[in-house]
Amino acid sequence: MESLTLRASIAAAAAASPLQQRRLPGRQRATYVRAMASASAAGEPDLSVRVNGLQMPNPFVIGSGPPGTNYTVMKRAFDEGWGGVIAKTVSLDAEKVINVTPRYAKLRAEPNGAAMGRIIGWQNIELISDRPLETMLNEFKQLKKEYPDRILIGSIMEEYNKAAWHELIERVEESGVDALEINFSCPHGMPERKMGAAVGQDCDLLEEVCGWINEKATVPVWAKMTPNITDITQPARVSLKSGCEGVSAINTIMSVMGINLKTLRPEPCVEGYSTPGGYSARAVHPIALAKVMQIARMMKEEFADGQSLSAIGGVETGNDAAEFILLGADTVQVCTGVMMHGYPLVKKLCAELQGFMREHNFSSIEEFRGASLPYFTTHTDLVHRQQEAIKQRKAIKKGLQSDKDWTGDGFVKETESMVSN
């Protein structure tokens, strides 16, 4: 199997074309042509993807959160071979952001209170970055200097203020990021300032803010969707119609992780108290699949090719990622998975996804992207399809319908088709 370094070289060599229209490419350079030839000869499935003009060696992207919180950890992600990194969300005034500790709680497969067992759920009450914006921007610049061919995406969130959004976009773009992900989806913290899900749950507000963003941005913009809404296709549609090049889904699900049955206090417990937070990890994967499917169907029916979909939710294996891609995702984000398993997880994800591709003789991601999407339909249609199938099976079992259907050549088989035992 080719190394991650080799795959990165292949991706870099393919990244020479510019972005479409007003979107500008990152400082990508075509290199290692000899590596491309070697990989082609090896015949391994190609994991590279090109999304909104951004070339990645594989579809695995660090999701915005603790795994992208500073230079040191983002550098580690690039060194391990992640296809891209979305930094932790930043805003203009980090002094307003005060996190508490503890801020996480785990749900295990065993009954409430069990200390051991597989982690299936993870809750966080963590806010956006509490580091000064200038510090984060300097680290973005350093990362792009050291990894010019790798994709770094800035995650941003701001108050309901056009001038503030424009200032934030300008300053983050000047750091050299390749794209922006807009946090319209954080389920906790600062809703009173019309930030996060407070915007993503209000389509009128979302349309206005997306308009501000897209009249200023010069790099691709992804709108990150909240699942804490009745119909997730509505804000996704508004975001794309308002100029965003892509959507990301899903952010965490509003939750109360549990109650400590010894202390009778909720978890995570901070000085005896708690607050609802965002739910992630393995348990949210089926919910995320449904939301991604709904968005993908809407995009296919209502938008021309070009818009992208980045899937998020409970990814710990290559097969988890394959499911998202089969539903139409271009990239797959991982955040909680990295917090539980570390940055080397990407090697396992790549190997398992390639194993899936070999099993089905897929040579590229694009060959199976969206392949499972046509098999979703309505319950009414399922009933009709089953009735037709039963009718056909009964007809086959019954055999000939009329004496005129007997033939000489097939006489014995025709006779057997009407035997009951």
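Nothing here was measured: the structure is a model prediction, and the numbers come from that model.

Thresholds applied
- Residues numbered from 1 in each chain as written.
- Predicted model: local features only at pLDDT ≥ 70, side-chain atom pairs only at ≥ 80, totals over all residues.
- Heavy atoms only, no water.
- Helix = DSSP H or I, 4+ residues; strand = E, 2+ residues; numbered from the N terminus.
- Buried < 20%, exposed > 50% of the residue type's maximum accessible area, 1.4 Å probe, protein only.
- Polar contact = N/O pair within 3.5 Å; in protein donor to acceptor, adjacent residues only side chain to side chain.
- Phe/Tyr/Trp six-rings, centres within 6.5 Å; stacked < 30°, edge-to-face > 60°.
- Lys NZ or Arg CZ within 6 Å of the ring centre and 35° of its normal.
- Disulfide = S-S within 2.5 Å.
- Pairing = 2+ DSSP bridges.
- Axes fitted to C-alpha atoms, helices over the stretch in contact; angles between N-to-C directions.
- Contact = heavy atoms within 4.5 Å.
- Salt bridge = Lys/Arg side-chain N within 4 Å of Asp/Glu carboxyl O.
- Patch = residues over 30% accessible without salt bridge, like charges linked within 9 Å, V, L, I, M, F, W, Y side chains within 5 Å.
- Areas by Shrake-Rupley, 256 points an atom, 1.4 Å probe, with all protein chains shown as cover.
- Lys, Arg positive; Asp, Glu negative; His and termini not counted.
- Charge placed at Lys NZ, Arg CZ, Asp CG, Glu CD.
- Core = buried A, V, L, I, M, F, W, Y, C linked by side-chain atoms within 4.5 Å.
- Right-handed = clockwise from strand over helix to strand, strands pointing away.

*Asks:* What's the story with the side chain of Asn-58 in this structure? I'm lost.
*Replies:* Its place among the elements puts Asn-58 in the loop between strand E2 (54-56) and strand E3 (60-62). Its relative accessible area of 1% is what places Asn-58 among the buried residues. Within the structure, the side chain of Asn-58 is placed 3.0 Å from the backbone nitrogen of Phe-60, a separation counted as a polar contact. Of the polar contacts made by the side chain of Asn-58, one reaches the backbone nitrogen of Gly-83; its length is 3.1 Å.

*Asks:* It is not clear to me how the packing of aromatic side chains should be interpreted in this structure. Could you clarify?
*Replies:* The description of an aromatic ring pair rests on the distance of the ring centres and on the angle between the ring planes. Within the structure shown, the criterion is met by eight aromatic pairs. With centroids separated by 5.2 Å and ring planes inclined at 70°, the aromatic side chains of Phe-356 and Phe-368 adopt a geometry described as edge-to-face. On the criterion of sequence distance, the pair formed by Phe-356 in helix H12 (residues 345-359) and Phe-368 in the loop between H12 and helix H13 (379-398) is long-range, its members being twelve residues apart. Overall, Phe-356 belongs to the buried group, its relative accessible area being 12%. We note Arg-265 situated over the ring of Tyr-273; from NZ or CZ to the ring centre the distance is 5.9 Å.

*Asks:* I would appreciate a short explanation of the state of the cysteines in the present structure.
*Replies:* Put plainly, a disulfide is one covalent bond tying together the sulfur atoms of two cysteines. In total, this model carries zero disulfides according to the counting rule given. Cys-244 takes part in no disulfide bond, and the closest cysteine sulfur to it belongs to Cys-210, at a distance of 4.0 Å. Overall, Cys-244 belongs to the buried group, its relative accessible area being 3%.

*Asks:* Would you take a moment to explain the sheet that holds E3 for this structure?
*Replies:* Each strand in a sheet pairs with its neighbour through backbone hydrogen bonds, running either in the same direction (parallel) or in the opposite one (antiparallel). Taken together, eight strands build a closed barrel; the order of strands is E3-E4-E7-E8-E9-E10-E15-E16 and the barrel is parallel. Between one strand and the next, the sheet's axes are offset by a mean angle of 25°, whatever the strand orientation. Direction of pairing for E3 relative to strand E16 (residues 331-334): parallel, over a ladder of three bridges. In the sheet register, Val-61 faces E16, and the bridge partner there is Gln-333. Sheet contacts for helix H10 (residues 318-326): E3, strand E15 (308-312) and E16; angle to E16, the most-contacted strand, approximately 140°. Sitting on the sheet, H12 touches E3 and E16, and the angle it makes with E3 is about 160°.

*Asks:* Explain the environment of Ser-248 to me, please; I cannot follow it from the model alone.
*Replies:* Among the secondary structure elements, Ser-248 is positioned in strand E10 (residues 246-249). Taking the C-alpha atoms as reference points, Ser-248 and Ile-312, 64 residues apart in sequence, are found 7.1 Å from one another. When neighbours within four sequence positions are excluded, Ser-248 is seen to be in contact with Glu-181, Trp-222, Ala-223, Lys-224, Met-225, Ser-310, Ile-312 and Gln-333. Separated by 2.7 Å, the side chains of Ser-248 and Glu-181 make a polar contact. One polar contact links Ser-248 to Gln-333, side chain to side chain, over a distance of 3.5 Å.

*Asks:* I tried to follow the sheet that holds strand E11 (residues 253-255) on my own but got confused; where do I start?
*Replies:* Overall, antiparallel pairing links the four strands, which are arranged E5-E6-E14-E11 in an open sheet. Where the open sheet ends on each side, the last strands, each with one partner, are strand E5 (104-108) and E11. Direction aside, neighbouring strands of the sheet carry axes that sit 35° apart on average. Bridge count for E11 against strand E14 (residues 277-280) is three bridges, and the pairing is antiparallel.

*Asks:* How should the pattern of salt bridges be read in this particular structure?
*Replies:* Within this structure, the stated rule accounts for 21 salt bridges. Among the salt bridges present, the one from Arg-358 reaches Glu-44, with a minimum N-O distance of 2.9 Å. Highlighted residues: Arg-358 in helix H12 and Glu-44 in the loop between helix H2 (33-42) and strand E1 (49-51), separated in sequence by 314 residues. According to the relative accessible area criterion, Arg-358 is partly exposed, its value standing at 38%. When its relative accessible area of 22% is taken as the criterion, Glu-44 is described as partly exposed. As a salt-bridge pair, Asp-178 and Lys-144 come within 2.8 Å of each other at their nearest N and O atoms. Pair noted here: Asp-178 is in the loop between helix H5 (162-174) and strand E8 (179-183) and Lys-144 is in helix H4 (residues 133-146), with a separation of 34 residues, a long-range link.

*Asks:* Mind showing me how you'd approach a negative patch on the surface here?
*Replies:* Negative charge collects at one region of the surface, where Asp-202, Asp-204, Glu-207 and Glu-208 lie side by side. Note that Glu-207 resides in helix H7 (residues 203-216). In this structure Glu-207 comes out as partly exposed when scored by relative accessible area, which is 47%.

*Asks:* Explain the nonpolar core here, please?
*Replies:* One broad rule of soluble globular proteins: the nonpolar side chains tend to lie buried together. Within the largest apolar cluster, 96 residues are counted, with the highest numbers of intra-cluster contacts made by Trp-82 and Leu-353. Apart from the residues lying within four places of it in its own chain, the contact partners of Leu-353 are Leu-47, Pro-59, Phe-60, Gly-318, Ala-322, Ile-325, Ile-365 and Phe-368. Grouped together as the second largest cluster of nonpolar side chains are five residues, Val-97, Ile-128, Met-157 and Met-195 included.

*Asks:* Would you take a moment to explain the environment of Ile-86 for this structure?
*Replies:* In this structure, Ile-86 sits in strand E4 (residues 84-86). Ile-86 gets classed as buried once you look at its relative accessible area, which sits at 0%. Sequence-wise, Ile-86 and Leu-152 are 66 residues apart; in three dimensions their C-alpha atoms are separated by 6.1 Å. Excluding its chain neighbours within four sequence positions, the residues that come into contact with Ile-86 are Val-61, Ile-62, Gly-63, Ser-64, Gly-68, Ile-153, Ser-155, Glu-181, Trp-222 and Gln-333.

*Asks:* Where do I start with the pairing of strand E7 (residues 151-156) in this structure?
*Replies:* If a strand is regular, its side chains alternate between the two faces of the sheet. Most of E7 is tucked away: six of the six residues are buried. Alternating residues of E7 divide into Ile-151, Ile-153 and Ser-155 and Leu-152, Gly-154 and Ile-156, and every residue in both groups is buried. As judged from the three bridges shared by E4 and E7, these two strands associate in the parallel manner. Looking across to E7, one finds that Ile-86 is bridged to Ile-153. In the sheet, E7 pairs with E8 via four bridges, with the strands oriented parallel. Following the sheet pairing, Ser-155 is matched in E8 by Glu-181. Each parallel crossover has a hand, and the one from E7 via H5 to E8 is right-handed.

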